[in-house]
Amino acid sequence: MNVHEYQAKQIFQEYGVPTPRGIVANTPDEAVKAAEELGGNIWVVKAQIHAGGRGLGGGVKLAKSLDEVKQLASEILGMTLVTHQTGPEGKLVQKVYIEEGADIKDELYLGIVLDRAKEMPVIMASTEGGMEIEKVAEETPEKIIKVAVDPTIGFQGFHGRELVFGLGITDKNEQKKFIDFASKLFKIYMDKDVELIEINPLIKTGEGEFLALDGKMGFDDSALYRHPEIEAMRDISEEDPDEREAAKYGLSYVALDGEIGCMVNGAGLAMGTMDAINYMGGTPANFLDVGGKANAETVAKGFEIILKNPKVKAIFVNIFGGIVRCDRIANGILEATKMVDVNVPVIVRLDGTNAEEAAEILKNAQIKNVIPAEDLADGAAKAVAAAKGEL
Amino acid sequence: MSILVNKDTKVIVQGFTGKEGSFHAEQCINYGTNIVGGVTPNKGGQEHLGRPVFNTVKDAVDNTGATVSMIFVPPAFVADAVMEAADAGIELAVIITEGAPVRDMMFAKMYATKKGMKTIGPNCPGIITAEECKIGIMPGNIFKKGNVGLISKSGTLTYEASNQVVKEGLGITTAVGIGGDPIIGLSYKQLLPMFEADPETEAIVMIGEIGGDLEIQAAEYIKENIKKPVIAFIAGQTAPKGKRMGHAGAIVSGSAGTAKEKMEALEKAGVHVVVSPADIGKKVAEVLKK
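Residues numbered from 1 in each chain as written. Chains lettered and ligands numbered in written order. Predicted model: local features only at pLDDT ≥ 70, side-chain atom pairs only at ≥ 80, totals over all residues. Heavy atoms only, no water.

Novice: I'm lost on the overall build of chain B in this one. Help?
Specialist: Helix and strand counts for chain B stand at 9 helices and 14 strands. Dimensions of chain B, computed from the C-alpha atoms along their principal axes, are close to 55 × 40 × 30 Å. For chain B, the proportion of its 290 residues judged to be buried stands at 61%. Sequence separation of at least 24 residues holds for 74% of the intrachain contacts in chain B that already meet a minimum separation of 6. When the accessible surface of chain B is totalled, it reaches about 10,400 Å², and 50% of it is carbon and sulfur. Within chain B, one finds 30 positive and 31 negative side-chain charges whose respective centroids are separated by 3 Å. (Helix = DSSP H or I, 4+ residues; strand = E, 2+ residues; numbered from the N terminus. Buried < 20%, exposed > 50% of the residue type's maximum accessible area, 1.4 Å probe, protein only. Contact = heavy atoms within 4.5 Å. Areas by Shrake-Rupley, 256 points an atom, 1.4 Å probe, with all protein chains shown as cover. Lys, Arg positive; Asp, Glu negative; His and termini not counted. Charge placed at Lys NZ, Arg CZ, Asp CG, Glu CD.)

And the structure:
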């Protein structure tokens, strides 16, 4: 689960990680009020969406008067912001964050993620703040300092020293401040079951203070049960409605842009099915894992979600029945076709325990649009042919 | 022969009397697995599925001599259960539970490693030595005895691959579902040498997916150390970047962890890589018949 910048900064502030002062606003009037409350004569109006690259997309603007705050807030609120992370359809901006202006001397980068190879968190820092960090990693990887921290000992002084010497921070007072900043950020990472924390840019002000000018956080979904305060930050409007609807029924769904709907049990086989379709010259319309309980209700829900997509020209149901027997699944599919009007060809491949009985059931039922397939290769081939209208 | 487990392996079940634990423990017993008891706190002294129940793993180990534990406890208690098993001297913990927090697994695995306990999973179908010992949730009947070793991040793709291999008139020595979480126990790199050393295994199938770099590490290892033929499939060639595909670890972050880079690395290491999962069995047969 991801949160907005203003929410990440709330967490930073609770832990004493310095940030500029700011207030979130839902309307232009609220934005002006926020600016008045913050005081000063320069403010930043920042679109709050779950995606990076907001500045380049026109979602972050500088205001030098309250009138300008109002004007910029009304422009940004309600705009569909397109960045390199939103996809071409962009994201609707519903909130802006009004922040006091900051005196930027240097822009740095600081992030913490899990290093899967080392199986511990790794702190990443760079002097190339304000740039796309993926680009820095690709073009000048030597400019990213990586410090893995064994969680059983936690963040120690030497981790901090590796960071500041790596970044070339020579002033002793600044070193102390930066180490304190990183140590608090690491504490947040561990305490809150964070998956990713990223500050880009982290700025050094003219007075030698370090401030989190931006804040991006993602959390481990499996650990949300012990963080109701994080769960409360969930913004449903940022999530894909179909993915959310699917999740309610224990289905894992991701929309793609092809023509063949897929319904599969197991994440690996679901990806494999997409790959098999692609290999046969077709295009998958989605990833859909119905999990271990492929029954009439979940299959019907799956059909419903897949068929919402007008591009879908055929559906490939690929189930490997293990503990759940195929004959039961076949009956479930037949029932589901009664619950949902399936108006495209459905290729059904059932393999595994009792596959022959299942094939018999499907053959005898003679349901319109349901085409049985023998195995994965046959199913993929038939699905591709059906989508082209050649079956 | 086989790797890690066989018909003599003494197995206990943590979370023995729960719904999932009971169902699958019974399936394992029916398959022939030597389940010698189980652990459920406050139910010690009772009998379940004809096997003794203990309050702690230590009690279970002391009384049964079990060396392997199959873990079915709910996600929030997985780390505790794994560490308890490690502390009690269990040699291999097979963690079936899905949805354990990553932070918990980080600590649990570190402790297991410190205690010399191997782990498989979490979020995996388990391990099966065909027609001898099934420790997990896979449908046992699909795994016929043969000479192909199998290592896979995905449950149903393991079944799919085994089924294809069997349809070619071949069979499986041991199949290990290693799980698709960001932090997992035994991986390709640790399992490959076990299959290499197993006299019955003549070929190894490895099934990977997008996310992380375990397959890349495997490719490097294979190049230097594995002489038996390896057949591989990587799921998620058509998966979009930045989207989690079901498994917690199956995500392409930035440009790292794509199916393409993994397939290329494996091919360079001399692995027979198939593009479609429908071709796994055929490729195994082709390679073995050479």
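Novice: Even after reading the chapter, I still don't get the domain arrangement of chain A, so can you show me in this structure?
Specialist: For chain A, the domain assignment lists domain 1 (1-20 + 103-239), domain 2 (21-101) and domain 3 (241-387). With centres defined by C-alpha atoms, the gap from domain 1 of chain A to domain 3 of chain A works out at 42 Å. (Domains from an automatic or database assignment.)

Novice: Sorry if this is basic, but what is going on with the nonpolar core here?
Specialist: A general trend in soluble globular proteins is that nonpolar side chains are found buried together. Grouped together as the largest cluster of nonpolar side chains are 101 residues, with contacts concentrated most on M70(B), I135(B), F143(B), M245(B) and L266(B). Ranked by residue count, the leading element in this core is helix α9 (residues 267-279) of chain A, at 7 residues. If you look at the next biggest cluster of nonpolar residues, it comprises 68 residues, including A8(A), I197(A), A60(B) and A112(B). (Core = buried A, V, L, I, M, F, W, Y, C linked by side-chain atoms within 4.5 Å.)

Novice: In this structure, what is going on with the packing of aromatic side chains? I would like to understand it.
Specialist: Two descriptors summarise a pair of aromatic rings, namely the distance from one centre to the other and the angle between the planes of the rings. In total, this model carries 6 aromatic pairs over all chains according to the counting rule given. Members of the aromatic cluster, each reached through a chain of ring pairs, are F155(A), F186(A) and Y189(A). (Phe/Tyr/Trp six-rings, centres within 6.5 Å; stacked < 30°, edge-to-face > 60°.)

Novice: What is the right way to look at the sheet that holds strand β13 (residues 230-235) of chain B in this model?
Specialist: By definition, the strands of a sheet pair up through backbone hydrogen bonds, in either a parallel or an antiparallel sense. The strand order β9-β8-β11-β10-β12-β13-β14 (chain B) describes an open sheet built from 7 strands, whose pairing is mixed. At either margin of the open sheet sits one strand with a lone partner, and together these are β9 (133-136) and β14 (272-273) of chain B. When strand β8 (residues 126-129) of chain B meets β9(B), the two strands line up antiparallel, connected through 4 bridges. Each residue of the ladder has a partner; that of G126(B), found in β9(B), is G136(B). Across the face of the sheet, α9(A) comes into contact with β12 (203-209) and β13 of chain B while running at roughly 90° to β13(B). Here helix α9 (residues 280-289) of chain B sits on the sheet in contact with β10 (145-152), β12, β13 and β14 of chain B, set at roughly 165° to β13(B). (Pairing = 2+ DSSP bridges. Axes fitted to C-alpha atoms, helices over the stretch in contact; angles between N-to-C directions.)

Novice: Hey, could you run me through helix α1 (residues 5-14) of chain A in this one?
Specialist: Because an α-helix packs 3.6 residues into every turn, residues spaced three or four apart end up facing the same way. Residue and element names in this part refer to chain A. Of all 10 residues in α1, 7 are buried; the element is thus mostly enclosed. By the burial criterion, the buried members of α1 are E5, Y6, Q7, A8, K9, I11 and F12. A positive phi of about 80° marks G16, the residue just after α1.

Novice: Would you explain the environment of L288(A) in this entry?
Specialist: Residues and elements named next belong to chain A. Here L288 lies in strand β15 (residues 286-289). Relative accessible area serves as the criterion here: at 1%, L288 is assigned to the buried category. Note: C-alpha distance between L288 and V264 (24 residues apart in sequence) is 6.1 Å. Non-local contacts of L288, meaning those with residues more than four positions away in its chain, are made with L251, S252, Y253, C262, M263, V264, A270, G302 and I306.

Novice: Would you mind showing me how to read the pairing of strand β17 (residues 346-352) of chain A here?
Specialist: Looking along a regular strand, one sees side chains alternate from face to face of the sheet. All names here are of chain A. Most of β17 is tucked away: 7 of the 7 residues are buried. Residue alternation in β17 divides its side chains into two sets, V346, V348, L350 and G352 and I347, R349 and D351, and both sets are buried. Here strand β16 (residues 314-321) pairs with β17 via 7 bridges, running parallel. By the bridge assignment, F316 is partnered in β17 with I347. Bridge count between β17 and strand β18 (residues 370-373): 4 bridges; the pairing is parallel. Directly across from V348, in β18, lies its bridge partner P372. Running through helix α12 (residues 355-365), the crossover from β17 to the neighbouring parallel element β18 is right-handed. (Right-handed = clockwise from strand over helix to strand, strands pointing away.)

Novice: I would appreciate a short explanation of the pattern of salt bridges in the present structure.
Specialist: A pair can form between side chains of opposite charge whenever their charged atoms are brought close. All names here are of chain A. Tallied over the full model, the rule gives 44 salt bridges over all chains. One salt bridge connects E99 with K9, and the closest N-O pair in it is separated by 2.5 Å. Residue E99 is located in strand β6 (residues 96-100), and its partner K9 is located in helix α1; the two are separated by 90 residues in the primary sequence. Accessibility assignment for this pair places E99 and K9 in one class, buried. Taking the shortest distance from any N to any O, the salt bridge between E245 and K248 comes out at 3.5 Å. Placement of the pair is E245 and K248 together in helix α8 (residues 241-248), with a separation of 3 residues, close to one helical turn. (Salt bridge = Lys/Arg side-chain N within 4 Å of Asp/Glu carboxyl O.)

Novice: Just checking my understanding: could you explain unusual backbone geometry for this structure?
Specialist: Glycine aside, residues mostly have negative phi angles, and peptide bonds mostly take the trans form. For the peptide bond that leads from N200(A) to P201(A), omega is 10°, which places it in the cis range. Across the junction of G121(B) and P122(B), the peptide omega takes the value 10°, indicating a cis bond. Among the structural elements, P122(B) can be located in the loop between β7 (118-120) and β8. Here E119(A), not a glycine, exhibits a phi torsion of approximately 60°, which is positive.

Novice: Can you walk me through the interface of chain A and chain B in this structure?
Specialist: Frequently, the measure chosen for interface size is the accessible area removed from exposure when the parts meet. Every contact between the two is made by 47 residues of chain A and, on the other side, 60 residues of chain B. The junction of chain A with chain B conceals about 3,900 Å² of combined surface from both sides, 62% of it contributed by carbon and sulfur atoms. Where chain A touches chain B, the interface holds 7 salt bridges. The tally of links between chain A and chain B comes to 14 residue pairs in polar contact (both at pLDDT 80 or more). Element by element, the count of residues in the side of chain A that touches chain B is highest for α9(A), at 10 residues. (Buried area = accessible area lost by both parts, 1.4 Å probe. Polar contact = N/O pair within 3.5 Å; in protein donor to acceptor, adjacent residues only side chain to side chain.)

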